[in-house]
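Single-letter residue listing:
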Amino acid sequence: MTDLLIVGGGPVGCVVAELAARLKNWKSIVVEKRNHIAGNCFDSHDKNEQLIHKYGPHYFRTNNEKIINYLSKFTEWIEGNYVVKTSYENQLYSFPINLNTLEKFYNQKLSATSAKDLLKIKSIEISNPKNSEEFVLSRVGKELYEAFYLGYTLKQWDKHPKELAPSVCGRIPIRFNRDETYVDAKFQVMPKKGYTAMFQKMIANPLIKFCPQTDYNCIRNEIKPRVATLYTGPIDAYFEFVFGRLPWRSLDFKWKTFKKELVQSCVQINYPNEYSYTRSVEIKHVTKQKCPFSNISYEYPKPSGPPYYPIPSTQSQLTYEKYKELAERERIKKNVFFAGRLAEYTYINTDQAINRGMEVFTEIAEKSENS
Ligand code: UDP
């Protein structure tokens with residue numbers, strides 16, 4: 001007999017299992033299709049003891065101190081140090097665009113004020129940008145858009161920025177200072193021993209039973225939890241694709257080991273204009289491990305394969321809304337809760353996934369108290 005059945009051992013599933021055990025004394029069974037926990041945050045050591053982010057780099061950051069305090073029960077931290085450059089005509093530029101980028105690109109000395117004046121001239125007046133192209137043109141104009149955004153976005157999505165919501169390229173800040181970090185967030189830190197170690201500690205409680213390599217479909221009629229089911233897998237699969245498949249953009253990672261302490265000048269280099277991969281990542285810049293070897297991953301976007309990015313289009317959103325209605329009925333009638341990237345067809349960062357885990361735990365606890 002279990003209190004919770006948790007489908008998926010990623011961040012949302014681990015947080016709910018942990019809170020349920022500690023705050024409610026509830027037993028959970030966590031079933032996970034893969035052979036490990038931590039979802040796409042999974043990291044592991046290669047033969048040189050180098051920590052690698054198997055499913056792409058996860059640059060942990062948050063503005064929410066509550067999340068840092070919570071995760072600090074399970075890990076110590078190292079500084080984030082997420083610096084990204086982008087390649088244009090065989091030169092590397094600071095990215096996101098900042099004063100250094102603008103000075104190099106336009107070959108002139110700039111202050112915050114003169115840079116703003118310059119971009120006022122370069123940008124195109126679009127009062128209410130309807131897509132990613134309009135968004136970027138309205139902020140920085142055609143030259144910077146074509147140098148840094150257009151090619152990358154075409155490769156990443158196989159769609160023109162005109163076809164994508166403003167929020168896709170709008171994720172990236174544009175700065176009038178010399179801040180070289182990739183993201184704007186108060187806390188930019190990485191779990192000291194890695195994400196897998198952090199999530200392992202989170203679920204190291206006798207009330208939590210973790211079952212790797214277990215397909216939900218094989219056990220869904222056998223395990224009847226007393227309180228609720230938390231489903232974090234793909235929502236369309238749960239409903240046997242009645243409204244068709246939700247589209248996802250996938251990635252291939254090609255790995256190369258170099259006999260060098262470090263290969264690149266920073267953790268990530270974006271290639272909007274060269275190669276068929278979008279970026280090369282040397283996570284050792286962040287983990288700061290000492291070793292005469294280093295690994296680089298090259299990311300090749302592809303149309304099918306493991307789901308990484310939901311496609312931000314009107315059609316896919318409409319299909320998701322139909323599934324969401326079914327999910328709502330399932331929650332009311334059968335106490336099945338849907339949460340996380342795959343179950344809510346949403347692109348979320350790791351801190352948002354942790355937050356979602358906390359929220360859905362509260363929803364489950366409240367519903368159980370009221371029934
Ligand atoms: N993007 C771009 N040029 C870049 C990096 C990103 O045009 O050098 C666009 C691209 O469409 C991408 C979006 O901005 O999907 C968000 O980028 P981010 O680096 O946040 O993507 P993630 O790391 O989540 O894949």
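Residues numbered from 1 in each chain as written. Predicted model: local features only at pLDDT ≥ 70, side-chain atom pairs only at ≥ 80, totals over all residues. Heavy atoms only, no water.

S.K.: I keep staring at the pattern of salt bridges and nothing clicks. Help me out?
M.R.: Opposite charge on two side chains allows them to pair when their charged atoms are near. Within this structure, the stated rule accounts for 20 salt bridges. Two residues, Lys85 and Glu180, come together in a salt bridge whose shortest N-O distance is 3.0 Å. With a gap of 95 residues between them, Lys85 in strand β7 (residues 84-88) and Glu180 in the loop between α7 (166-170) and β9 (187-191) connect regions that are remote in the sequence. A relative accessible area of 18% means that Lys85 is categorised as buried. A salt bridge links Lys109 to Glu103; its shortest N-O distance comes to 3.3 Å. (Salt bridge = Lys/Arg side-chain N within 4 Å of Asp/Glu carboxyl O. Helix = DSSP H or I, 4+ residues; strand = E, 2+ residues; numbered from the N terminus. Buried < 20%, exposed > 50% of the residue type's maximum accessible area, 1.4 Å probe, protein only.)

S.K.: Just checking my understanding: could you explain the packing of aromatic side chains for this structure?
M.R.: For any pair of aromatic rings, the description consists of the separation of the ring centres together with the inter-plane angle of the planes. Counting across every chain of the model gives 33 aromatic pairs. Relative to Phe74, the ring of Tyr70 has its centre 5.3 Å away and its plane inclined at 75°; by these criteria the two rings are edge-to-face. Relative to Tyr345, the ring of Trp248 has its centre 5.1 Å away and its plane inclined at 85°; by these criteria the two rings are edge-to-face. Placement of Trp248 in strand β12 (residues 248-258) and of Tyr345 in the loop between β17 (336-338) and α13 (350-370) is noted, with a sequence separation of 97 residues between them. Residue Tyr345 is classed as buried on the basis of its relative accessible area of 4%. The positively charged end of Lys104 is found above the aromatic ring belonging to Tyr93, 5.1 Å away from the centroid. For Lys254, the ring lying beneath its charged end belongs to Tyr300, and the centroid distance is 4.4 Å. (Phe/Tyr/Trp six-rings, centres within 6.5 Å; stacked < 30°, edge-to-face > 60°. Lys NZ or Arg CZ within 6 Å of the ring centre and 35° of its normal.)

S.K.: It is not clear to me how the sheet that holds β9 should be interpreted in this structure. Could you clarify?
M.R.: By definition, the strands of a sheet pair up through backbone hydrogen bonds, in either a parallel or an antiparallel sense. The three strands lie next to each other as β5-β9-β6, forming an open sheet whose pairing is antiparallel. Two strands in the sheet have a free side with no partner beyond their single neighbour: β5 (61-62) and β6 (77-79). (Pairing = 2+ DSSP bridges.)

S.K.: What is the right way to look at the sheet that holds β7 in this model?
M.R.: In space, the seven strands of this open sheet follow the order β8-β7-β13-β14-β15-β12-β16, with mixed pairing throughout. Across the chains shown, the open sheet's two edge strands, defined by having one partner strand only, are β8 (91-95) and β16 (309-310). Both β12 and strand β15 (residues 294-302) contribute to a ladder of nine bridges, which runs antiparallel. Note on β15: the bridge partner recorded for Lys254 is Tyr298. Packed onto the sheet, helix α3 (residues 99-106) meets β7 and β8 and runs at close to 145° relative to β8. (Contact = heavy atoms within 4.5 Å. Axes fitted to C-alpha atoms, helices over the stretch in contact; angles between N-to-C directions.)

S.K.: Would you mind going over the packing of helix α5 (residues 132-140) against helix α6 (residues 142-157) with me for this structure?
M.R.: What describes two packed helices is the angle between their axes and the distance between those same axes. Packing of α5 against α6 brings their axes to within 7 Å, and their N-to-C directions diverge by 125°. Considering their axes alone, α5 and α6 lie oblique with respect to each other. Relative to α6, α5 is oriented so that their crossing is right-handed. Seen from α5, the contacting residues are Glu133, Val136, Leu137 and Val140; seen from α6, they are Lys142, Leu144, Tyr145 and Tyr149. When the residues that make up the contact of α5 with α6 are grouped by side-chain class, the tally is six nonpolar, no polar and two charged. (Parallel < 35°, antiparallel > 145°, perpendicular 65-115°, else oblique. Left-handed = near helix turned anticlockwise from the far one by under 90°. Nonpolar A, V, L, I, M, F, W, Y, C, P; charged D, E, K, R; others polar.)

S.K.: Would you mind showing me how to read the site of the ligand here?
M.R.: The full set close to the ligand counts 16 residues, and Arg171, Tyr182, Asn270, Tyr309 and Tyr347 are the nearest of them. Between an oxygen atom of the ligand and a side-chain N or O atom of Tyr347, the distance comes to 2.3 Å. Relative to its unbound accessible area of 520 Å², the ligand is 94% covered by the protein chains. Only α6 and α7 provide two or more residues apiece to the shell around the ligand. When residues in the shell around the ligand are grouped by element, the largest group, six residues, is from α6. A per-class count over the shell around the ligand returns 11 nonpolar, three polar and two charged. (Near = heavy atom within 4 Å. Polar contact = N/O pair within 3.5 Å; in protein donor to acceptor, adjacent residues only side chain to side chain. Areas by Shrake-Rupley, 256 points an atom, 1.4 Å probe, with all protein chains shown as cover.)

S.K.: I tried to follow unusual backbone geometry on my own but got confused; where do I start?
M.R.: Note on backbone geometry: most residues besides glycine have negative phi, and most peptide bonds are trans. Omega for the bond connecting Phe95 with Pro96 falls within 30 degrees of zero, at 5°, which places this linkage in the cis form. Here Pro96 is to be found in the loop between β8 and α3. One non-glycine residue, Asn90, lies in positive phi territory at about 65°. Looking at the secondary structure, you find Asn90 in the loop between β7 and β8. Asn90 sits in the exposed class, given a relative accessible area of 73%.

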